Amino acid sequence: MAKVFIYPATSLILSDLVARFGHKPLGAALGIRERIQTAGVDSPPLQITPEEPKRGLKYAAVEVPSGVRGRMAIYGPLIEEAEAAIIVTEADLAFGCMGCARTDELILFSLRQSGIPILELEYPTNEEEGIRFVAAVKKFLAGLPDGGEA
Amino acid sequence: MKKVRIAQLSCGAEYSGVQKEIYEAAESVGAEVFFPDIALADVERAVKKFGLDVKSADLKLMIARALALVEGKVEADGVFIGTCFRCAEAAIVRNELRRYIPENSKLSVVSYSFTERTTAGTLLTRMEALTTIARRRALLAREEQTGITMGVDSGSSTTKAVVMKDNEIVGTGWHPTTEVIKSAESAVSDALEMAGLAREDIQAIGTTGYGRFLIGKHLGAELIQEELTVNSKGAVYLAGHQRGAATVIDIGGMDNKAISVIDGIPGTFTMGGICAGASGRFLEMTAKRLGVDITELGPLAMKGMGKNVPMNSYCIVFGTQSLVNALAAGSSPADVAAAACHSVAEQVFEQQLQEVDIKEPVIMVGGTSLIEGLVYAMGQLLQTEVVVPPNSQYIGAVGSALLASGFIKGE
């Protein structure tokens, strides 16, 4: 079983796909809701304290906005732990999204720098692309150590 | 009392760890913060309609929520806009929404760029102003002082007191703030003596400034009010411009206020207080270094040419060092005074005045408005004539006395 970082980290579909193929998804475990009644689209389930942006200094310099550093305090350790990653770009908001585009850039860069196997896919816009999308994810996950069939 | 509902439009507040501070600041002034309920499906539509194509999903959400407020789909009494300090993308959205909301609705807006160090105390005055505007619109509409009232402004540098009677200032007092209550007592005694009145003649008291709660309790004030709304009111009252648009600038000892006012009520405002180099304190230090009284600094600056003195830093420490170096290199005290005034004005201009829509007349108030070199420098930067009304140094006290008359029994 490999630890697979998913991006967007809030995507329940990606999280489910990774788990179905016998791996451990590393993400936010947050669903994007139809109605947004919280401060942000990816509001954390726990109260973040001013300590998190300070912990985030490990991943981003002090001149980087506090919101980016606070997010990196959550995602940075997951990226360090990850053995593989699936990145879906241009995703629809409902598929899963992160609130801050600057954090996105840093997360994707950190993943690409880490040297782990990465599958990068564009979000499918029709059924045919959707089938190819799932097939590509399946093939990637099956190729990881101890990957299994769904 | 019904809570004032403040809609929060923000990006990064939770991950910066300051959401709790925002809640606390609102709670302490009897307000509640809420997030306008938006359907995810409406977010992209709203962003397209607004026309600002940003990448961050939370900024898109801010835009969608702003549109929902303006279109009346969500009701609120005021709006708090907050984004991370140093985020350029967020700054653009924050700026545009701060402009868009008041222009298209009756909602007042306060905005702030936070770091993880932002505390409820930092946000308190802004939240209080927002709450006051929503809750006390009728009181803020008051244009005339009636009866006998007193206003006390307990500032970080000086404490001012004013006694007003039948729409006239009849007594004033001004003391450096040392021990807050003692300084207030001295200013009050002087104002009463000048007015020829006794404490029992006063029908209502209003307090403002940093020490407003302490002296308000001590004096048994009917009105304890933050300085943003009070100064706006006082400025347009003293300038005789109570109707229409105006901009109020108050460069204080510890913080600066820039307020865009409509009919005497703040629309958008900023409050800066991080850097001493942009405060009256820098001018005090300059005066001390030049060996002149602070009252002499303004006329001295008017005789000088600031451009003759190289100023390499806005910082109060390094800025003062530049002035010392200039004096050592043979610059005249007049040039140095002018350079100091220009430095403070330029920093306020660059860091704060960009955040409010400058509408004429521009009214400068507070103790620093008496430093004519500073007023001149601000006028040069804004390319407009800056109005300094009579008694501008008593602005907070006058505004408090004016508003306090709304609390006289029978009013």
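It should be noted that the structure appears before, not after, this text.
Predicted model, so just to flag it, every value in this text is computed and none were measured.

The rules behind these values
Each chain has its residues counted from 1, running along the sequence as written. The naming scheme follows written order: chains are lettered A onward, ligands numbered 1 onward. The predicted origin of the model limits local features to residues at a pLDDT of at least 70 and limits the giving and counting of side-chain atom pairs to 80 or more, whereas totals for whole chains, interfaces and linings rest on all residues. Only hydrogens and water are set aside when side-chain values are computed; all heavy atoms of the structure are taken into account. The convention used is that axes are lines fitted to C-alpha atoms, helices contributing only their stretch in contact, and that angles between N-to-C directions extend from 0 to 180 degrees. Only runs of H or I of at least four residues qualify as helices and only runs of E of at least two qualify as strands under DSSP, and these elements are numbered from the N terminus. Note on terminology: angles under 35 degrees are roughly parallel, angles over 145 are roughly antiparallel, angles of 65 to 115 are roughly perpendicular, and the others are oblique. We call a crossing left-handed when the near helix sits turned anticlockwise from the far one by less than a right angle, and right-handed when that turn is clockwise. In what follows, a contact means two residues having at least one pair of non-hydrogen atoms within 4.5 Å. Only Asp, Glu, Lys and Arg are considered charged in this grouping, and only Ala, Val, Leu, Ile, Met, Phe, Trp, Tyr, Cys and Pro are considered nonpolar; every other residue, Gly among them, is considered polar. Once two parts are brought into contact, the accessible area they lose, counted with a 1.4 Å probe and summed over both, makes up the buried area. Here a salt bridge means any side-chain nitrogen of Lys or Arg lying within 4 Å of a carboxyl oxygen belonging to Asp or Glu. Nitrogen and oxygen atoms within 3.5 Å of one another constitute a polar contact, given that in protein one can donate a hydrogen and the other can accept it, and given that sequence-neighbouring residues count only through two side-chain atoms. A pair of strands is labelled paired if DSSP reports no fewer than 2 bridges between them. Residue exposure (1.4 Å probe, protein chains only): buried if accessible area is under 20% of the type maximum, exposed if over 50%, otherwise partly exposed. Think of it as the arc spanned by the lines of direction from the helix axis to the C-beta atoms. Stacked, tilted and edge-to-face are the three classes assigned to paired rings of Phe, Tyr and Trp, where Trp is represented by its six-membered ring and a pair needs centres within 6.5 Å; plane angles under 30 degrees give stacked, over 60 edge-to-face, the rest tilted. For a crossover, the right-handed case is the one in which the path from the first strand over the helix to the second runs clockwise, viewed with the strands pointing away from the viewer.

Turning our eyes to something else, we now look at the packing of helix H3 (residues 66-81) of chain A against helix H4 (residues 101-114) of chain A. Residue and element names in this part refer to chain A. Relative orientation of the contacting elements H3 and H4 amounts to 25°, with a least axis distance of 10 Å. Put simply, H3 runs roughly parallel to H4. In the crossing of H3 with H4, the sense of the turn from one axis to the other is right-handed. Taken together, the residues of H4 that come into contact with H3 (itself represented by Val 68, Arg 71, Met 72, Tyr 75 and Ile 79) are Arg 102, Thr 103, Leu 106, Ile 107, Ser 110 and Leu 111. Here the residues of the contact of H3 with H4 are counted per class, giving seven nonpolar, two polar and two charged.

Turning next to the interface of chain B and chain A. Frequently, the measure chosen for interface size is the accessible area removed from exposure when the parts meet. Taken residue by residue, the interface counts 33 residues in chain B and 37 residues in chain A. Interface area lost by chain B to chain A is led by B:Tyr15, B:Leu40 and B:Glu116, which between them contribute 32%. At the junction of chain B with chain A, the criterion picks out four salt bridges. One salt bridge in this structure joins B:Asp58 and A:Arg71, with 3.2 Å as the shortest N-O distance. Linking chain B to chain A there are 18 residue pairs in polar contact (both at pLDDT 80 or more). Sorting the residues of the side of chain B that touches chain A by element identifies strand S1 (4-11), helix H1 (19-28), strand S3 (38-39), helix H2 (40-50) and helix H3 (57-70) of chain B as the ones contributing at least two each. Here the residues of the side of chain B that touches chain A are counted per class, giving 15 nonpolar, eight polar and 10 charged. Both strand S3 (residues 35-36) of chain A and S3(B) contribute to a ladder of two bridges, which runs antiparallel. Note on S3(B): the bridge partner recorded for A:Ile36 is B:Ile38.

Next up on the list: helix H10 (residues 280-290) of chain B. Structurally, the α-helix is built with 3.6 residues per turn, so residues lying three or four positions apart point the same way. All names here are of chain B. When H10 is considered as a whole, its buried residues turn out to be Gly 280, Phe 282, Leu 283, Thr 286, Ala 287 and Leu 290. For H10, the angular spread of the buried residues around the axis is 155°, confining them to a single face. Here the buried face of H10 lies against strand S11 (245-251), helix H11 (294-303), helix H12 (316-328), helix H13 (333-351) and helix H14 (372-382). Phi for Gly 291, located one or two positions after H10, is positive at around 75°.

Summed over all chains, the structure comprises five aromatic pairs over all chains. Note on A:Phe95 and A:Tyr123: the rings are 5.0 Å apart at their centroids and 55° apart in plane angle, and the pair reads as tilted. Highlighted residues: A:Phe95 in the loop between strand S4 (84-89) and H4 and A:Tyr123 in the loop between strand S5 (118-122) and helix H5 (127-142), separated in sequence by 28 residues. For A:Phe95, a relative accessible area of 6% puts it in the buried group. Taking relative accessible area as the criterion, A:Tyr123 reaches 24% and is therefore assigned partly exposed. Both rings, one in B:Trp174 and one in B:Tyr394, keep their centres 6.0 Å apart while their planes meet at 85°; by these two values the pair is edge-to-face. Note that B:Trp174 is positioned in strand S8 (residues 168-176) and B:Tyr394 in the loop between strand S15 (386-387) and helix H15 (395-404), a separation of 220 residues in sequence. Through successive ring pairs, a cluster of aromatic residues spans A:Phe95, A:Tyr123 and A:Phe133.

What follows is about the pairing of strand S2 (residues 31-34) of chain B. Residues and elements named next belong to chain B. In this structure, S1 lies alongside S2, joined through four bridges in parallel fashion. Note on S2: the bridge partner recorded for Val 4 is Ala 31. The parallel pair S1 and S2, bridged by H1, forms a crossover whose chirality is right-handed.

Let us now look at the sheet that holds strand S14 (residues 362-365) of chain B. Residues and elements named next belong to chain B. Spatially, S2-S1-S4-S5-S13-S12-S11-S14-S15 is the arrangement adopted by the nine strands of the open sheet, whose pairing is mixed. Pairing within the sheet leaves two strands with one partner each, and these edge strands are S2 and S15. With seven bridges connecting them, strand S4 (residues 78-84) and strand S5 (residues 108-114) associate as parallel partners. Residue pairing across strands places Ile 81 opposite Ser 111, the latter belonging to S5.

Take the side chain of B:Thr159 next. Residues and elements named next belong to chain B. Of note, Thr 159 is situated in strand S7 (residues 158-165). Residue Thr 159 is classed as buried on the basis of its relative accessible area of 0%. In this view, Thr 159 contacts Val 152, Asp 153, Ser 154, Gly 173, Trp 174, His 175, Pro 176, Thr 177, Ser 183, Ala 184 and Ala 187; residues no more than four positions away in its chain are not counted.

Residues and elements named next belong to chain A. Taken in spatial order, the four strands of this open sheet run S2-S1-S4-S5, and their pairing is parallel. Looking at the sheet topology across the chains shown, the edges are occupied by strand S2 (24-26) and S5. In this sheet, neighbouring strand axes are inclined to one another by 25° on average, regardless of whether the strands run parallel or antiparallel. As paired elements, strand S1 (residues 3-7) and S4 share four bridges and run parallel to each other. Bridging from a neighbouring strand, Tyr 7 pairs with Ile 87 of S4. Across the sheet, helix H1 (residues 12-20) lies against S1, S2 and S4, angled at about 160° from S1, the strand it touches most. The strands touched by H5 are S1, S4 and S5; relative to S5, the strand with the most contacts, the crossing angle is about 180°.

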